[in-house]
Amino acid sequence: MDHDMDHDTFRREAHRVVDWMADYLATVAGRRVVPRTTPGAIRATLPVAPPEAGTGFPDILADFERLILPGMAHWGHPGWFAYFPANASPPSVLAEMVTAALAAQCMSWQTSPAATELEEVMLAWLAQGIGLPPGFTGVIQDTASSATFVALLTARDRARDAGVPLDRQTVYASTEAHASVEKGARLAGIPEANFRRIPVDAAYALDPAALDAAVGADRAAGLVPTAIVATVGTTSSTAVDPLPAIGRIARATGAWLHVDAAYAGSAAIAPEFRHHFAGLDAADSFVFNPHKWLGVQFDCSAYYVGNVEALLRTCATTPAYLRTAADPSVVNYRDWGIPLGRRFRALKIWFVLRSYGLEGLRARIREHVRLARAFALWVDGEPRLVRMAPVPFALVVFRVTGGSPQADDAATRALLDRVNDSGEVYLTHTVLDGRVAIRCSVGSWTTDAAAVRRVWQRIQEALASTTSSPPAR
Ligand SMILES: *Cc1c(COP(=O)(O)O)cnc(C)c1O
């Protein structure tokens, strides 16, 4: 016999899950941020074969708590300073619950008219919220990686339609661009030899003179610049590529300009950060992730294009079984990206924007930036550490200093391991200029001044035990 849930059972178990969720969120700060586990340990606790017989839900939930939860990393922990945040506000969690209950597959207008129309309005709201220049139309993609891939496919097709074969198409991004850019170019069929990594300046921003030279050399060699990807807020250090100069080069060569602001785009809801996005009007496409820093939980990436027709040219298909009478007068988002099936992601944007208003979201971004800058000042005042990059947003990158570069690399790694060992906070590393560095990324939904002080205390304690010099006071 199986255990299908009648309505009363569902209601009871759903209440049990909601209570579990509320308890989890109320107590997450007391857990280790990342688990102490070894590869394969969790797998080894699970049966190798699927069950023949069904099990009642209370037992399944108990097993989840016993077997799975201890192996989870807690991205919503106030001590989460790793990577970039994937912050989830409570209203976005509630939206995902509703979305799950509806279980709508929103590939076309016909398959859920409200999902499509809410998405149209939400992408327009977000565009206004971040001060996007006029002329952009948006669509939700699962991730920035997918959006950047779609941008490169569209750029490739535009060049191909103009008679440029793939082996003459070139793509440009800085040495600090996200790995998804090179991957997207590769998946789009651009030969690896035609992908250009452009050098950066001392602040890790793309050097436009180097871009200009690379583009000029390629054109002289009979190649055709197809796409330039600029980043506002690079992954390693949140460097800001100079959009106005890059935009001029893109316009002069006819290359597609895609702007990747996966992390930093959210900051543009506060006007004081908009100067980093000046020149965006020259872009053909733009992506930012409300799922990183705007409280709209993963996954939700906002992709904007100037020319919807070019996007449709690349992504639209209309097999007979998908045609509907409404097609001429509606948006069918299945034609705006790679998958056919689409989750109802607009609902969580709506819940979040209505819960906090732009003002509430701005206040959070500002507080994260304020805390990061305070942390940066502590780093600057600590002679055993050196800051590696400016702090335009809420990421501080630093490393141990005072020894040989190799010794400082090793000491930086040791410092990171020791701080993370505490289980109270979690940071991750990067490599800048060939040197190991620690990233302190402030942006978890629940983080606060106390959590930032705690990470600094753990760093001070770890410094005392990993460096030879006496502890500073
Ligand atoms: C995080 C990040 C990405 C990748 O984002 P996904 O949505 O996980 O694909 C791309 N570019 C930059 C600059 C990022 O910070």
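Keep in mind it's a predicted model, so treat the numbers as computed, not measured.

A. Focus on the pattern of salt bridges. One pass over the structure, following the stated rule, counts 26 salt bridges. The shortest N-O distance in the salt bridge between Arg 66 and Asp 63 comes to 2.9 Å. Remark: Asp 63 and Arg 66 occur in helix H2 (residues 57–68); sequence separation between them is three residues, near one turn of the helix. According to the relative accessible area criterion, Arg 66 is exposed, its value standing at 55%. The closest approach of N and O atoms between Arg 160 and Asp 157, which form a salt bridge, is 3.1 Å. Linking Arg 160 with Asp 157, this pair stays in helix H5 (residues 144–161), spanning three residues, or about one helical turn. For Arg 160, a relative accessible area of 41% gives the class partly exposed. Asp 157 gets classed as buried once you look at its relative accessible area, which sits at 3%. Three or more residues joined by partner-sharing salt bridges are found here, namely Glu 96, Asp 299, Arg 343, Arg 345 and Lys 348.

B. Up close: the site of the ligand. In the vicinity of the ligand lie 14 residues, with Ala 144, Ser 145, Asp 260, Asn 289 and Lys 292 positioned nearest. A distance of 3.2 Å separates an oxygen atom of the ligand from a polar atom in the side chain of Thr 235. Note that a nitrogen atom of the ligand is positioned 2.6 Å from one of the side-chain N or O atoms of Asp 260. Alone, the ligand offers 390 Å² of accessible surface; in the complex the protein occludes 88% of this. Of all the secondary-structure elements, those providing two or more residues to the shell around the ligand are H5 and helix H9 (290–293). Grouping the amino acids of the shell around the ligand by side-chain chemistry returns three nonpolar, nine polar and two charged.

C. A look at the packing of helix H4 (residues 113–129) against helix H11 (residues 346–380). The contact between H4 and H11 brings their axes to 9 Å, and the two run at 40°. Between H4 and H11, the angle is such that the two are oblique. The chirality of how H4 crosses H11 is left-handed. Counted together, Ala 115, Leu 118, Glu 119, Met 122, Trp 125, Leu 126 and Gly 129 of H4 and Ala 346, Leu 347, Ile 349, Trp 350, Leu 353, Arg 354 and Leu 358 of H11 form the full contact between these two elements. Across the contact of H4 with H11, the residue classes break down as 11 nonpolar, one polar and two charged.

D. Fine view of the packing of H5 against helix H10 (residues 308–315). Interaxial distance between H5 and H10 falls to 9 Å at its minimum, and their mutual angle equals 90°. Relative to H10, the element H5 is oriented roughly perpendicular. Contact residues: Val 150, Leu 153, Thr 154, Asp 157 and Asp 161 in H5; Ala 310, Leu 311, Arg 313, Thr 314 and Cys 315 in H10. Split by residue class, the contact of H5 with H10 holds five nonpolar, two polar and three charged.

Thresholds, definitions, all that
- Residues numbered from 1 in each chain as written.
- Predicted model: local features only at pLDDT ≥ 70, side-chain atom pairs only at ≥ 80, totals over all residues.
- Heavy atoms only, no water.
- Salt bridge = Lys/Arg side-chain N within 4 Å of Asp/Glu carboxyl O.
- Helix = DSSP H or I, 4+ residues; strand = E, 2+ residues; numbered from the N terminus.
- Buried < 20%, exposed > 50% of the residue type's maximum accessible area, 1.4 Å probe, protein only.
- Near = heavy atom within 4 Å.
- Polar contact = N/O pair within 3.5 Å; in protein donor to acceptor, adjacent residues only side chain to side chain.
- Areas by Shrake-Rupley, 256 points an atom, 1.4 Å probe, with all protein chains shown as cover.
- Nonpolar A, V, L, I, M, F, W, Y, C, P; charged D, E, K, R; others polar.
- Axes fitted to C-alpha atoms, helices over the stretch in contact; angles between N-to-C directions.
- Parallel < 35°, antiparallel > 145°, perpendicular 65-115°, else oblique.
- Left-handed = near helix turned anticlockwise from the far one by under 90°.
- Contact = heavy atoms within 4.5 Å.

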